[in-house]
Amino acid sequence: MLALMEAEFVEGRKCAVSFSQERPLGLNCVRARVRVGLRAGERRVRRCLEGTARELAGLRARTAVFAEGFPYREFFLARGVREAGCGTLLAAKAAEIVRAAAPRHERALLRTDRADRRSLETARGLCRDFRYLALDAPEECLERFEDVCGGLGVAPEPYTSSGPGPDAAVFLSPPREPVFLPGRCVKLPVYTGGAPVLGGREVDRISFSLPEELRFDLPFPASPILSAALEAGTVEAEDVSVRAAGKGVDTALPPVL
């Protein structure tokens, strides 16, 4: 279960929390609204937050989306609540993101540790828009990528640092050694960690949207909710459209998704 967490400051000394059910994009979510009195003492606020954390644990809501400016984010993270991210969303739409942001569509680089469905779909998407694909993946995965890409007329090449520089690079897994990209290259690091990725330029803004019948209006960041829905299978990647541009990643969505 996904927790949607928000805070409201009210007159008085009391602190309370209310819970309600929400189902954005078919997800089973609990919405927790913490109401904190402006004159409430620190001990009273802490007891309220601790009770909220226990209730969420009882509901098995271990992942949360925090409303913008939620003041108790660190409190809940310190108690084992994980903040929902956008990894699944970025991975699902990686090829479309770099296609939209890259000024040239000659050569792409894909770094991955596995030949799973997501990685193969990303490779397929890159092959539709780029003439060449450099692949940084374990040797035992190469045959599966060759089968997928060969159907689109692209033969994946093993990535080498001495080869031609890519115009776009997608990192579904952390690099095993430092990677140096040309300045023109648009890079999308879906996962953090591993060796550094130097050079290149990140995407400035990524906007996602859904068909009218799937849109929702809640006062929470929409990207992690959409990412969770993709991971749960309640939304398909084909339902999501992408706009991307510039340098420096921002996974902002329109107010109504």
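Residues numbered from 1 in each chain as written. Predicted model: local features only at pLDDT ≥ 70, side-chain atom pairs only at ≥ 80, totals over all residues. Heavy atoms only, no water.

Caption draft 1: Structural detail: the nonpolar core. One finds Ile97, Leu110, Leu126, Leu133, Phe145 and Phe208 to be the most contacted residues of the largest nonpolar core, which totals 59 residues. The leading source of residues in this core is helix H7 (residues 222–232), at six residues. Those residues in contact with leucine 110, other than ones at most four positions away along the chain, are Ser119, Thr122, Ala123, Leu126, Leu133, Ala134, Leu135, Asp136, Phe145, Val170 and Leu172. The next biggest cluster of nonpolar side chains, apart from the first, holds 21 residues, and it includes Val34, Leu49, Ala61 and Phe70. (Core = buried A, V, L, I, M, F, W, Y, C linked by side-chain atoms within 4.5 Å. Buried < 20%, exposed > 50% of the residue type's maximum accessible area, 1.4 Å probe, protein only. Helix = DSSP H or I, 4+ residues; strand = E, 2+ residues; numbered from the N terminus. Contact = heavy atoms within 4.5 Å.)

Caption draft 2: Summary view of the sheet that holds strand E5 (residues 82–83). Here we have five strands laid out as an open sheet, ordered E2-E3-E1-E4-E5, and mixed in their pairing. Taken across any chain shown, the strands that pair with only one partner, and hence form the sheet edges, are strand E2 (15–22) and E5. Pairing of strand E1 (residues 2–10) with strand E3 (residues 29–37) involves nine bridges; the strand directions are parallel. Bridging across to E3, leucine 4 finds its partner in arginine 31. The sheet contacts of helix H1 (residues 42–58) involve E1, E2 and E3, and relative to E2 the element is tilted by about 25°. (Pairing = 2+ DSSP bridges. Axes fitted to C-alpha atoms, helices over the stretch in contact; angles between N-to-C directions.)

Caption draft 3: Structural view of the environment of glutamate 140. Among the structural elements, glutamate 140 can be located in the loop between strand E7 (132–136) and helix H6 (142–150). Spatially, the C-alpha atoms of glutamate 140 and alanine 115 are 9.0 Å apart, while their sequence positions differ by 25 residues.

Caption draft 4: Seen up close, the pattern of salt bridges. Taken as a whole and judged by the stated rule, the model has 17 salt bridges. Across the pair aspartate 129 and arginine 99 runs a salt bridge, and its minimum N-O distance is 3.4 Å. Taken together, the residues aspartate 129 in helix H5 (residues 117–129) and arginine 99 in helix H4 (residues 94–101) connect sequence positions 30 residues apart. Residue class for aspartate 129 comes out partly exposed when judged on its relative accessible area of 23%. Its salt-bridge partner being glutamate 212, residue arginine 215 comes within 3.5 Å of it at the nearest N-O pair. Judged by its relative accessible area of 61%, glutamate 212 is exposed. (Salt bridge = Lys/Arg side-chain N within 4 Å of Asp/Glu carboxyl O.)

Caption draft 5: Main features of the sheet that holds strand E6 (residues 107–111). Overall, parallel pairing links the six strands, which are arranged E8-E7-E6-E9-E10-E11 in an open sheet. Either end of the sheet is taken by a strand with one partner, and the two such strands are strand E8 (157–158) and strand E11 (197–202). Of the pairings in the sheet, the one linking E6 to strand E9 (residues 168–171) comprises four bridges and is parallel in character. Bridging from a neighbouring strand, leucine 110 pairs with valine 170 of E9.

Caption draft 6: Looking closely at the packing of H5 against H6. Relative orientation of the contacting elements H5 and H6 amounts to 40°, with a least axis distance of 9 Å. Here H6 runs oblique to H5, going by the angle between their axes. In this structure, H5 crosses over H6, and the sense of that crossing is right-handed. Contacts between H5 and H6 pair Ser119, Leu120, Ala123, Arg124 and Cys127 from the former with Arg144, Phe145, Val148 and Cys149 from the latter. The residue makeup of the contact of H5 with H6, split by class, is six nonpolar, one polar and two charged. (Parallel < 35°, antiparallel > 145°, perpendicular 65-115°, else oblique. Left-handed = near helix turned anticlockwise from the far one by under 90°. Nonpolar A, V, L, I, M, F, W, Y, C, P; charged D, E, K, R; others polar.)

Caption draft 7: Representation of the environment of proline 221. Here proline 221 is to be found in the loop between strand E12 (205–209) and H7. On the accessibility criterion, proline 221 (36% relative accessible area) is partly exposed. With 153 residues separating them in the primary sequence, proline 221 and glutamate 68 have C-alpha atoms 7.2 Å apart. If we skip the residues at most four places from it in the chain, proline 221 touches Val65, Phe66 and Ala67.

Caption draft 8: Main features of the packing of H4 against H5. Interhelical geometry of H4 versus H5 gives an angle of 25° and a closest axis separation of 8 Å. One element, H4, and the other, H5, form an angle in the roughly parallel class. Contacts between H4 and H5 involve Ala94, Ala95, Val98 and Arg99 on the former and, on the latter, Thr122, Gly125, Leu126 and Asp129.

Caption draft 9: Looking closely at the pairing of strand E10 (residues 179–189). With four bridges joining them, E9 and E10 adopt parallel strand pairing. For valine 170, the partnering residue across the bridge sits in E10 and is leucine 188. Sheet topology note: the E10/E11 ladder contains five bridges and is parallel. Bridging across to E11, lysine 187 finds its partner in glutamate 202.

Caption draft 10: Molecular detail of the layout of surface pockets. In this structure, the largest pocket encloses a volume near 400 Å³. Of the residues belonging to the lining of the largest pocket, the class tally is seven nonpolar, three polar and ten charged. If you add up the space inside the second largest pocket, you get close to 300 Å³. Taken together, 17 residues line the second largest pocket, and the ones lying closest to its centre are Thr63, Arg82, Ala84, Ala228 and Glu231. For the lining of the second largest pocket, the elements supplying multiple residues, two or more each, are helix H3 (87–92) and H7. (1 Å grid on protein atoms, 1.4 Å probe; cavity = no way out; pocket = protein on both sides within 12 Å on 5 of 7 lines; lining within 4 Å. Points joined across faces, edges and corners; volume = space filled by probe spheres on them.)

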